[in-house]
Amino acid sequence: MKNVSRILGIAALLAVAVLVVRAIRQYREDSVFDLAPATSSAGLGGGSKRGISPELLEILADPADKGPVELMTDDSGKEWLVNRRNGYRYPIEDGIPIMLIEEGEKNKDESLITG
Amino acid sequence: MTQPPEDITNFVQQQFGRAAADYVTSFTHAQGTDLKRLVELAAPKAEECMLDVATGGGHTALAFAAFVRHAVALDLTKPMLIEARKHITAQGMKNVSYCRAAAEALPFSDNSFDISVCRIAAHHFADPRQYALEAARTLRPGGRLLISDHIGIEDPEFDAFMDKFERWRDPSHVRAYTYKEWQAFLSDAGLEVVHTEDHDRDPYIYDDWTKRIRMPEQERDALEQWLLQAEPRFREFFSIKEEAGRIVSLKSTFGIVMAQKPA
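This section reports on the structure supplied with the text. (Residues numbered from 1 in each chain as written. Chains lettered and ligands numbered in written order. Predicted model: local features only at pLDDT ≥ 70, side-chain atom pairs only at ≥ 80, totals over all residues.)

Next up on the list: the overall build of chain B. On a plain count of helices and strands, chain B comes out with twelve helices and ten strands. Taken over C-alpha atoms, the radius of gyration comes to 18 Å for chain B, in line with the 18 Å a tight globule of 263 residues would show. Projected onto the principal axes, the alpha-carbon positions of chain B cover approximately 55 × 40 × 35 Å. For chain B, buried positions account for 46% of its 263 residues. By sequence separation, contacts in chain B at least 24 residues apart represent 74% of the contacts at least 6 residues apart. (Helix = DSSP H or I, 4+ residues; strand = E, 2+ residues; numbered from the N terminus. Rg over C-alpha atoms; globule rule 2.2 N^0.38 Å. Buried ≥ 20, exposed ≤ 12 C-beta atoms within 10 Å, placed from the backbone. Contact = placed C-beta atoms within 7 Å.)

Given below as structure tokens:
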């Protein structure tokens, strides 16, 4: 009887250990996705993988002053197209850049202005 | 019948946000023979980059994607872009990008595109002159702009009749511009109109045409009554077909305008 309960105990411990390892592994994988910039799917043209294609990024401009914008990720992992001249930030939603002047103005961050 | 709302941009967004999926499947928008003609006229090359302004169901971007290096599908409404992306990726096209923006304030650097197309949409624009300026700015020298749309009629009475039924059905229909008006908008923007042609589109099937836009039943009936009472000259011009006291179909005038940015 003693042996049986010992074996059961070890088995239970092993099962718990496996669950813990799996949970840690899953958490790490999720974190990798959190950190991955959208540009990781570059070249897929915003198809099934949600990212901005380099071809689009190259020609995108602020609809307000028509100058270039920069792809930036904020602390929460959200991506923006930023105009460093006026601080306008245009959000990217579901892989689609929202390039409406009122959106850029609404999300303006003056701390991003350089030069 | 209502006048176009002052905030037409907002109104267009509401209108097409609601009916987005219907525009992917709409026969008029998906199968228009003008699509083939637009590709033919634009003569796209493999290294070129094209812009589809007000892509709607994505049909124009899809038609060009097979011939160009990169196509950008642009629309004012996000639900439309999501539907367009679903439709285009389902066809296996991977060289199309999507972007939400207004036609009058294009989010692209100068000289970005070789080809710029706007199909069945310019009649919704709040400011076609500003759109023409933006199209010209974002086109590279030598680039081609193609507009396929409702075309206004030179005779003001017939033009007013068409304007009335179009806007009654769809209050976001601002105006169908005549070739003369396009000529003025485009030359003011520094483009040279190189070609115009009428496009004989299939008639509107009244039932589908009014339901697709989610016209309230009461308005559908009222418009039908108004069409049934139209003078013979209008009935003839717009091919208004009637069967057992119901409107079956009618026609509107369409055309293509092609312009080029001087090299």
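On to the overall build of chain A. Helices and strands together make up the secondary structure of chain A, namely three helices and four strands. For chain A, the α and β elements follow one another from N to C terminus as α-α-β-β-β-β-α. Here the contacts in chain A between residues at least 6 apart in sequence split such that 28% fall between residues at least 24 apart.

Taken in spatial order, the four strands make up an open sheet running 1-2-3-4 (chain A), and their pairing is antiparallel. Looking at strand neighbours, the two that pair on one side only are strand 1 (70-73) and strand 4 (96-97) of chain A, the edges of this open sheet. (Pairing = 2+ DSSP bridges.)

Residue and element names in this part refer to chain B. Counting buried residues in strand 10 (residues 254-260) gives five out of seven residues, a clear majority hidden from the surface. Looking at chain direction, strand 5 (residues 139-150) and strand 10 are connected through seven bridges and run antiparallel. In the sheet register, Asp149 faces strand 10, and the bridge partner there is Gly255. Bridging between strand 6 (residues 192-199) and strand 10 involves seven bridges; their strand directions are antiparallel. Among the inter-strand pairings, Glu192 is bridged to a residue of strand 10, identified as Gln260.

Residue and element names in this part refer to chain B. Where helix 7 (residues 128-138) contacts helix 9 (residues 179-188), the axes come no closer than 8 Å and their chain directions differ by 45°. With respect to each other, helix 7 and helix 9 are oriented oblique. Judged by the sense of rotation from one axis to the other, the crossing of helix 7 with helix 9 is right-handed. Between helix 7, through Pro128, Arg129 and Ala132, and helix 9, the contact on the second element is made entirely by Phe185, Leu186 and Asp188. (Axes fitted to C-alpha atoms, helices over the stretch in contact; angles between N-to-C directions. Parallel < 35°, antiparallel > 145°, perpendicular 65-115°, else oblique. Left-handed = near helix turned anticlockwise from the far one by under 90°.)

Attention shifts here to the interface of chain B and chain A. Contacts between chain B and chain A engage 22 residues on the former and 23 residues on the latter. Listing elements by their share of the side of chain B that touches chain A, those giving two or more residues are strand 2 (70-75), helix 6 (78-90) and strand 3 (96-100) of chain B. In terms of residue count, strand 3 of chain B provides more of the side of chain B that touches chain A than any other element does, five residues in total. A per-class count over the side of chain B that touches chain A returns twelve nonpolar, six polar and four charged. (Nonpolar A, V, L, I, M, F, W, Y, C, P; charged D, E, K, R; others polar.)

In summary, soluble globular proteins display a tendency toward joint burial of nonpolar side chains. Residue and element names in this part refer to chain B. Core analysis: the biggest nonpolar cluster contains 87 residues, and Met50, Phe64, Ala71 and Ala73 have the highest contact counts within it. Here this core takes five residues from helix 5 (residues 59-65), the largest share from any one element. The contact partners of Phe64, leaving out residues within four places of it in the chain, are Val39, Pro44, Met50, Ala71 and Val117. (Core = buried A, V, L, I, M, F, W, Y, C linked by C-beta atoms within 7 Å.)

Note that an α-helix has 3.6 residues per turn; residues three or four places apart therefore point the same way. When we look at burial in helix 7 of chain B, the residues that qualify are B:Pro128, B:Tyr131, B:Ala132, B:Glu134, B:Ala135, B:Ala136 and B:Thr138. Where the residues of helix 7 of chain B are buried, they touch strand 1 (49-53), strand 4 (113-119), strand 5 and helix 9 of chain B.

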